[in-house]
Amino acid sequence: MPALYADPGTIILDDVAYKILVGSDGKGADLLQVQQLGSYQQGVTIGSPDVNSHPYLSTWGLMDLTGGHGLATHLAGTTDTRYRYSTLDVSRPGQWAGRWAVATETGTAGTFMPLGDLLYSGNVEMYGAFGTDLHVWNESTDAWTDTTANLTAAPVNTGVAFQGTGTLRLFIPLGTNGYDTYTGASKANSANDALMFCVFGGTNLIRLTTTGQLHYSTDGSAWTSYGTDGKIDGSLTAYGIYEWRDAMDNPILIINTSGGVFTFDPAGQTLYPLDLKFPNHPNQGLAACVWRGGYYVTVGMGIHSYTGSVIGAMGLDRDEGLPLEQSYNATIVSMVPEYNSLYALVQGDGVTSFASVQRFDGFGWHAVWESETDVASRLYVSGARSANRIWWGSGQ
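Criteria and thresholds
- Residues numbered from 1 in each chain as written.
- Predicted model: local features only at pLDDT ≥ 70, side-chain atom pairs only at ≥ 80, totals over all residues.
- Heavy atoms only, no water.
- Helix = DSSP H or I, 4+ residues; strand = E, 2+ residues; numbered from the N terminus.
- Rg over C-alpha atoms; globule rule 2.2 N^0.38 Å.
- Buried < 20%, exposed > 50% of the residue type's maximum accessible area, 1.4 Å probe, protein only.
- Contact = heavy atoms within 4.5 Å.
- Areas by Shrake-Rupley, 256 points an atom, 1.4 Å probe, with all protein chains shown as cover.
- Disulfide = S-S within 2.5 Å.
- Salt bridge = Lys/Arg side-chain N within 4 Å of Asp/Glu carboxyl O.
- Pairing = 2+ DSSP bridges.
- Axes fitted to C-alpha atoms, helices over the stretch in contact; angles between N-to-C directions.

*Asks:* It is not clear to me how the overall build of the protein should be interpreted in this structure. Could you clarify?
*Replies:* Check the secondary structure of the protein and you find 1 helix and 32 strands. Relative to the 2.2 N^0.38 estimate, which gives 21 Å for 396 residues, the radius of gyration of the protein is 31 Å and therefore markedly larger than a compact globule would have. Structurally, the protein occupies a C-alpha span of about 115 × 50 × 40 Å along its principal axes. Here the protein, with 396 residues, has 45% of them falling under the buried criterion. By sequence separation, contacts in the protein at least 24 residues apart represent 43% of the contacts at least 6 residues apart. When the accessible surface of the protein is split by element, carbon and sulfur atoms take 52% of a total near 19,800 Å².

Listed below in structure tokens is the structure:
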């Protein structure tokens, strides 16, 4: 018959009572000591000590991935906010969800190039080109409408709206084919070489040519060259021009090239090389932008930040970088500043790697979109019709 109760000096194991050695009290009570019957050894928690942790089991709790993607090998307690890659939006602690929707819009045949916003008839309209076909975005129908005002050639960059002392127009660079202007109703062409436009000081339109020459205009029609003092040397390829501020907070122009970055003071009309220098290469300095008071320029898949005195590295090549299908033989071809993030458009080689869009929010990089096509054009942030959108071209 199984033992139900243990008499003093006995212990029950598998329903059998066993007598133990007699202790000092004759009953064996001091031979057994029981401690912490209701608890185990406390667990060790790495990371956030919240709902993801456990009081007894050791855990590694991750709920904050704001440090961004690009890390393959983790170090507990050091890289808890980083991750390899994600197609979820994990940029907010504890609020992981599906990424923002990316819609695909089509027009006529040809690679899409976002051209920019233009105020016309009391409304800000967004224009883009499919090949040489100039389109306007229709917010009511959510579709591109062909303006039938065909461009002289395919655009090589995004455009700029400028009026100055002339007529308000959208200036569209066509490279060695000159540039087109559009008022919202009529198109005109100029044979003047144009790689990129930049509005400087709110009163001058700056034109950068494919040969690295700077020109300015107050009305968008009559141009004055800055001469040899405003020309990038022929050994380098100029890619873009932006307005920035010098150490004295005076407005200057900053030019990204294949071998470094230069500043140009229109008042003194002198080009100055910055400390942002890198080996001359076609994929160096392809894209640049100004965001939150800092200047950013690409070096392949890397990005250098510059505050006027400090140079930093914060690109897509940090640590393990992007996955192979987005980084092999790839390069950043466009960057744009948005209120909360800096966006980068990546161009793959079309065989092993393909296009993608990534965004940097000041803490880390997060993926926005990936493609299986091999062409990427430019990024553009539009506020047309009070609807904020980020446009880019891909797939042709």
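*Asks:* Is there a simple way to think about the state of the cysteines in this case?
*Replies:* In protein chemistry, a disulfide is the covalent bond that joins the sulfur atoms of two cysteines. For the structure on display, the rule yields 0 disulfides. The thiol of Cys 198 is not disulfide-bonded; the next cysteine sulfur, from Cys 289, is found 13 Å away.

*Asks:* Which parts of the structure should I look at to understand the pattern of salt bridges?
*Replies:* For side chains bearing opposite charge, pairing can occur when the charged atoms are close. Within this structure, the stated rule accounts for 7 salt bridges. Residues Arg 359 and Asp 89 are paired through a salt bridge, measuring 3.8 Å at the closest nitrogen-oxygen approach. Remark: Asp 89 occurs in strand E5 (residues 88-89) and Arg 359 occurs in strand E29 (residues 356-360); sequence separation between them is 270 residues. In this structure, Arg 359 and Asp 89 share a single accessibility class: buried. Put simply, Glu 125 and Arg 385 hold a salt bridge, and the shortest N to O gap is 2.5 Å. Taken together, the residues Glu 125 in strand E8 (residues 123-130) and Arg 385 in the loop between strand E31 (376-382) and strand E32 (389-394) connect sequence positions 260 residues apart.

*Asks:* When you look at the sheet that holds strand E22 (residues 270-277) in this model, what are you seeing that I'm missing?
*Replies:* Strand pairing in a sheet relies on backbone hydrogen bonds. The paired strands run either parallel or antiparallel. Ordered in space as E19-E20-E21-E22, the 4 strands form an open sheet in which the pairing is antiparallel. Sheet topology places strand E19 (238-245) and E22 at the edges, where each strand pairs with a single neighbour. Each neighbouring strand pair of the sheet contributes to a mean axis angle of 30°, computed without reference to strand direction. In the sheet, strand E21 (residues 260-265) pairs with E22 via 5 bridges, with the strands oriented antiparallel. Bridging across to E22, Gly 260 finds its partner in Lys 277.

*Asks:* Hey, could you run me through unusual backbone geometry in this one?
*Replies:* Peptide bonds are, in most cases, trans, and in most cases residues other than glycine have a negative phi. Although it is not a glycine, Arg 385 sits at a positive phi angle of roughly 55°. Residue Arg 385 is classed as partly exposed on the basis of its relative accessible area, which comes to 41%. Unusually for a residue other than glycine, Ser 386 sits at a positive phi of about 60°. Here Ser 386 is to be found in the loop between E31 and E32.

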